[in-house]
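Observations on the three-dimensional arrangement
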Amino acid sequence: MDDKTIVGMAKDAEFAKWAYRETRPEDVLKKTEALAHIRVLDCSYGSFAGLFASSILAEMGAEVIRVEPPGGDLARKMSPYGIMIKDSGLAYISEARNKFHITLDLSKEEGRKLFSKFSAKADVLIETFKPGHLDGLGIGYRHLSKKNAGLIFCAIHSYGQHGEDSEKHGNQPGYDIIDQARGVIMSITGEPDLDPELPREYKRPLKHGSWMGWSAGGAWAAFGILMAVFDRTRTGKGQFIDCAPPEGLLAISNYVMQYFHMTGEQMPRAGNYDYAVFPYTYVECKDGYTFISGFTDPNWTALCEIMNRPDLRAQFPTIKERLDPHNQPTIQHEIEKFTTEYTSDEILEMVQDYGRKVDKKGTVVTGRLESPNEVLGREHWKERKTFVRCNDPYYGELLVANSTFKSMSKTPGRVKWVCRPIGADNEFIYQSYLGIGNRRLKQLSDKGVI
Amino acid sequence: MPKAKSYRDLTKELFDPRQLFEKREPLQGIRVLEVCYVVLGPAACDYLAEFGAEVIKFEGQRGDQMRFVTPYAYFWKNMSPGLEIENHNKYWVGMHLGNPRAKELFLDLVKRSDVVVDNLTPGKLAQWGLSYRELREINPRIIQLHVSGYGSWGPWTGRTSYDAVAQSMGGLSSITGFEERGPIKSGVWIADWLTGLMCAVSIVSALNHRAKTGEGQFIDYMQVENVIRMLDWTWLYSFKTGENRKRSGNRDLAICPSDLFPCSDGWVALAAFGDEEFKGLCKAMGHADLYKKYSDPTQRLKDENARKILDRIGQWTRTKRVQQVEELADKYGFAASRVLCAKDAYHSRHLRERGAIQEYDDPLYGPMVQQCYPPRLSETPGRLKWSSRPLGFDNGYVFTKILGLPPEEVKKLEDEKVIFKWNPQIPSHCPPADWDGVSGVKLPFFSEKKHNG
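Residues numbered from 1 in each chain as written. Chains lettered and ligands numbered in written order. Predicted model: local features only at pLDDT ≥ 70, side-chain atom pairs only at ≥ 80, totals over all residues.

Description of the overall build of chain B
Selection rule: Secondary structure is summarised from DSSP: a helix means a run of H or I of at least four residues, a strand means a run of E of at least two, and numbering begins at the N terminus for each. Partly exposed residues are those falling between the two cut-offs: more than 12 but fewer than 20 other C-beta atoms within 10 Å of their own, whereas 20 or more means buried and 12 or fewer means exposed, with C-beta atoms placed from the backbone. Two residues form a contact once the distance between their C-beta atoms, set from the backbone, is within 7 Å.
From N to C terminus, chain B includes 20 helices and 12 strands. C-alpha atoms of chain B, sized along the principal axes, occupy 80 × 60 × 55 Å. The buried share of chain B, taken over its 453 residues, is 59%. Considering only contacts within chain B whose residues lie at least 6 apart along the sequence, 68% involve residues at least 24 apart.

Here it is as structure tokens:
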């Protein structure tokens, strides 16, 4: 790679070159894996929280075995408009990386026996069933940890494994929409409550476009699992992890809880505004949308000068006025009167021209809102190998997001393979873990156990 | 034979929050040096701090920007709520690492530390002679993580990123919002918080590697790429169809039904994709025909079918109260929940029973009620000990306890402005107005007022 590409817009070119040498994408496969010694059983069902958690561990080198019921996990069918590639939807293919795939029917006695045997050899188990389901089948934490005191047992469910709501709603399955709804953030995401020009039907809670409840839940679960693994190296003890994804969103809900504690008041939905920094917002422009900020007094003055609106500067002179939620819709609409006259590139140019003026009053930041196709085309992401493209022998041409841990200098995360068909690794895993050969496998298959 | 404990009793006992302080902390003994500001970097360190790491936070003379970022410009007891949210259980030092004497002190700390985290402009630490190259010379076990919008190298390295920029540059904003309306930003700084979380994940992973090999490492992490990673099927969909993923409000395009529906008294989130679940829902609705017609889940996902099904469900929920739908979900085994707001969470018995919301008595700010980071770990649970602190509040503790500098030496460093405390002219640097000069001070040698003990 040439120096110009590596150094980009770096303030310190030597540092950029050094960092590149330490984290070169070409070297990733030559380096060791942080979790190569860890075995994970992921028997999550219909949950991308479980799948995301085990993806993180698998990217770091853990040997992850996906345990699916015969016929496959319900998650394989979760796909936009029902688009399937062979036995799997687009979402599942994106989150099956580096995992071995076996089938096993836990509703059958013989299946549960095999499951116990597997778990005796595992370091980590991930499950997403209704609270107490596995316990009721005799393969819960208390049963499995008897044979394997080091087992880290991670249960993920919207309502958690204990507590009042878990008892009340424990018969409900967990879902991303439930995680988002119970995670408080959804109550303050959406079109702005206080904008008088906004039609009423849009004044309602809004989820993140992606499965943010599941992704956050899975990331929290992986965080807990990795800490438990670390603790186990010092104490030899495993433990039970109870991960409720809504708590993973609640825990990062900015200051709404603090503000309620301090004032007894709740905050309304802000839309694209922000009650702590404004303007710091998305605005409509001629060819889409762009981000624009000019929050502090000098930066606000700069923005008003760019728009040639000294009256706005005078009308909202301090952050007190600009952070008043009743003023924000007005400020937003006034800024949009200007931005809708130009394309995002023209706005960027004006902001950059202003930044070069000797008598500039402050700094304005702007940046186009990127569509997925635009993101896929950007050179930076190509050079950083943000996406993995491959021709899978079974699924064909695929593209998925790479591991974001790929720039760890000693133990980079990686994607070795993308997805496996249902039960594709039965032979290898049953043979190597349990010494079950093909003849016995056939018998089990005939009985519907696998 | 004694009767086996119910699952409910078993889990209650395993996770009893009253036993919190009788249990180990998983990151006990891990020292983290935080050279971070705003939300992302401090959040990454905060996650570690609530699970027992000793996090020492360094601030320049002006203080972390979050001392000035707060809703409606509201301050509480001189504290900025914007600063509080990503800073718990930490030790606070006022020291600018660009100062040569400060750099020496910092390197002394690096010798005795495990992790260094920064979210400054890429290369900033290198300019001060504090890059991984230098740090590993004095401590080969050190793990150093740098996080920025676009990472330490590549065409866009050095570009400024904010949370809202990361949400938009990573494609999240473009897919969030109602079908016929514009893109919407998350209600929170989601790209900061979740990138911080993945940073913490990579740090603990590096700690695990180090436990086996004794080897530290450098980690370069990218905020915008983290947003990209969390958009599930967005990329494969674009790749296979050439289309951009569309905004679809609360409707899940990959799960049907999964949406937010109107009830007579509010909103209910509802999902039922599994066969038994959808059958249960149709039964609860009294529309067995709906199940018969759309029993195949992939058929339900076809746009035309999905719209019909969601419309039928919406017509039904309008005739019900939210609680009725929740109760039917409990009975028939589909998923349904109200949308919780801050007030609901604050008063939730469920969350308190679980230790998801904890109360503690802060020596500076009094009783606090806050979320504690998940997940719940039965043997090594996370916990809240104290809140954010005035600028330079723990200077004495850090330099005396860890580096062994006598109190008069620490005083000298303060006089020479190598280290510093809050500026009394700037309220959000300062302790509460009625602070007694002693409460909350760790190792109080040279406070002017007498300790009340």
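That covers the picture; the talk isn't over yet.
Some details on the overall build of chain A
A tally of helices and strands in chain A yields 21 helices and 13 strands. C-alpha atoms of chain A, sized along the principal axes, occupy 80 × 55 × 45 Å. Put simply, chain A has 450 residues, and 59% of those count as buried. Nonlocal contacts in chain A, meaning residues at least 24 apart in sequence, comprise 70% of its contacts between residues at least 6 apart.

What about helix α13 (residues 297-307) of chain A?
When we look at burial in α13(A), the residues that qualify are A:W300, A:A302, A:L303, A:C304, A:I306 and A:M307. Buried residues in α13(A) make contact with α14 (310-315), α15 (319-322), α16 (328-339) and α17 (344-355) of chain A.

A short note on the packing of helix α2 (residues 40-50) of chain B against helix α9 (residues 190-213) of chain B
Residues and elements named next belong to chain B. Rule in force here: Only the stretch in contact is used when fitting a helix axis, every axis being a line fitted to C-alpha atoms; angles between N-to-C directions are given from 0 to 180 degrees. Any angle that is under 35 degrees is reported as roughly parallel, and any over 145 degrees as roughly antiparallel; angles of 65 to 115 degrees are reported as roughly perpendicular and all others as oblique. Take the far helix as the reference: if the near one is turned anticlockwise from it by less than a right angle, the crossing is left-handed, and if turned clockwise, right-handed. Polar here means any residue other than Ala, Val, Leu, Ile, Met, Phe, Trp, Tyr, Cys and Pro, which are nonpolar, and Asp, Glu, Lys and Arg, which are charged; Gly is therefore polar.
Here α2 crosses α9 at 50°, and the two axes come no closer than 8 Å. When the axis of α2 is compared with that of α9, the two are oblique. For the element pair α2 and α9, the recorded crossing hand is right-handed. Every residue of α9 that contacts α2 at L40, A43, A44, Y47 and L48 is listed here: D192, W193, T195, G196, L197, C199, A200 and I203. Grouping the amino acids of the contact of α2 with α9 by side-chain chemistry returns 10 nonpolar, two polar and one charged.

Observations concerning the sheet that holds strand β1 (residues 39-42) of chain A
Selection criterion: Here, any two strands with at least 2 DSSP bridges between them count as paired.
An order of β5(A)-β2(A)-β1(A)-β6(A)-β7(A)-β8(A)-β12(B) is seen for the seven strands of this open sheet, with the pairing classed as mixed. Two strands in the sheet have a free side with no partner beyond their single neighbour: β5 (99-103) of chain A together with β12 (376-377) of chain B. As defined by bridge partners, strand β8 (residues 239-243) of chain A adjoins β12(B) across two bridges and the pair is classed as antiparallel. The residue of β12(B) that forms the bridge with A:I241 is B:L377.

Some words on the interface of chain A and chain B
Quite often, the size of an interface is put as the accessible area lost when its parts meet. Taken residue by residue, the interface counts 153 residues in chain A and 151 residues in chain B. Residue contributions to the side of chain A that touches chain B peak at 16 residues, all from helix α10 (residues 212-235) of chain A. Residues that form the side of chain A that touches chain B fall into these classes: 82 nonpolar, 43 polar and 28 charged.

A closer look at the pairing of β8(A)
All names here are of chain A. Buried residues dominate β8, accounting for five of its five residues. Bridging between strand β7 (residues 152-156) and β8 involves five bridges; their strand directions are parallel. When the bridges of β8 are listed, A155 appears paired with D242.

Things to note about the sheet that holds strand β7 (residues 258-263) of chain B
Residues and elements named next belong to chain B. Pairing is antiparallel across the open sheet formed by three strands, whose spatial order is β7-β8-β9. Of all the strands in the sheet, the pair left with one neighbour each is β7 and β9 (335-338). For this sheet the average axis-to-axis angle between neighbouring strands, irrespective of direction, equals 25°. Note that β7 and strand β8 (residues 266-271) share six bridges and pair antiparallel.

What to know about the packing of α10(A) against α9(B)
The geometry of α10(A) relative to α9(B) is characterised by a closest axis approach of 9 Å and an angle of 25° between their N-to-C directions. Judged by the angle between their axes, α10(A) and α9(B) are roughly parallel. Between α10(A) and α9(B) lies a crossing whose hand is left-handed. Along the contact surface, α10(A) presents A:M212, A:A216, A:A219, A:W220, A:A222, A:F223, A:L226, A:M227, A:V229, A:F230 and A:T233, while α9(B) presents B:I190, B:L194, B:L197, B:M198, B:A200, B:V201, B:V204, B:S205, B:L207, B:N208 and B:A211. A per-class count over the contact of α10(A) with α9(B) returns 19 nonpolar, three polar and no charged.

So, the domain arrangement of chain B
Our working rule: The source of the domain bounds is an automatic or database domain assignment.
Annotation of chain B at the domain level lists domain 1 (19-230 + 388-429) and domain 2 (258-339). Each of domain 1 of chain B and domain 2 of chain B was reduced to a C-alpha centroid, and the two centroids are 44 Å apart.

Looking at the confidence of the model for chain B
Here is the rule: Every residue gets a pLDDT, meaning the predictor's confidence in that residue, from 0 to 100.
Within chain B, residue pLDDT values average 96, and 98% of them lie at 70 or more. Interface predicted TM-score (ipTM) for the complex: 0.98; the corresponding pTM is 0.97.

Topic: the environment of A:N373
Position of A:N373 among the secondary structure elements: in helix α18 (residues 372-377). Classification of A:N373 as partly exposed rests on a count of 16 C-beta atoms within 10 Å. Here the alpha-carbon distance between A:N373 and A:P70, two residues 303 residues apart in the chain, equals 36 Å. If we skip the residues at most four places from it in the chain, A:N373 touches B:S238 and B:N244.

A few points about the domain arrangement of chain A
When cut into domains, chain A gives domain 1 (31-251 + 420-446) and domain 2 (280-369). For domain 1 of chain A and domain 2 of chain A, the distance between their C-alpha centres works out to 44 Å.

A few points about unusual backbone geometry
In this chain, A:F278 is followed by A:P279 through a cis amide linkage whose omega measures -5°. Structurally, the position occupied by A:P279 is in the loop between α12 (256-263) and β9 (280-285). Looking along the chain, the bond that leaves B:P374 and enters B:P375 is cis, with omega of -10°. Following the sequence through the fold, B:P375 ends up in the loop between β11 (366-371) and β12.

Section: the environment of A:R39
Residue and element names in this part refer to chain A. For R39, the position within the fold is in strand β1. Overall, R39 belongs to the partly exposed group, with 18 C-beta atoms counted inside 10 Å. Sequence-wise, R39 and S119 are 80 residues apart; in three dimensions their C-alpha atoms are separated by 9.5 Å.

A look at the pairing of strand β12 (residues 387-392) of chain A
Residue and element names in this part refer to chain A. Two elements, β12 and strand β13 (residues 396-401), share six bridges in a ladder whose sense is antiparallel. Bridge assignment links D392 to a residue of β13, and that residue is G396. Here β12 hands over to β13 after three residues, the two strands then running antiparallel side by side.

Details of the nonpolar core
Generally speaking, a soluble globular protein has its nonpolar side chains buried in company with each other. All names here are of chain A. Note the threshold: Defined on buried residues, the nonpolar core groups Ala, Val, Leu, Ile, Met, Phe, Trp, Tyr and Cys residues joined through C-beta atoms within 7 Å.
Judged by nonpolar contacts, the single largest core of 285 residues is most densely connected at L57, C154 and I225. Among the elements that make up this core, the one with the highest residue count is α10 (14 residues). Ignoring anything within four residues of it in the chain, the contact list for L57 reads L35, I38, V40, A62, V64, A222 and I225.

Topic: helix α4 (residues 100-111) of chain B
All names here are of chain B. Our working definition: By this rule, a helix spans an expected 1.5 Å times one less than how many residues it contains. Arc definition: directions from the helix axis to the C-beta atoms.
Helix length check: α4 (12 residues) gives 17 Å between terminal C-alpha atoms against 16 Å at 1.5 Å per residue, within 8%. Every buried residue of α4 is listed here: A102, L105, F106, L109 and V110. Viewed end-on, α4 has its buried residues packed into an arc of 150°, placing them on one side of the element. Seen from the buried face of α4, the exposed residues on the opposite side, beyond 90 degrees, are P100, E104 and K111. Looking at the buried side of α4, the elements it contacts are β1 (31-35), β4 (115-118), α6 (132-138) and α19 (395-402).

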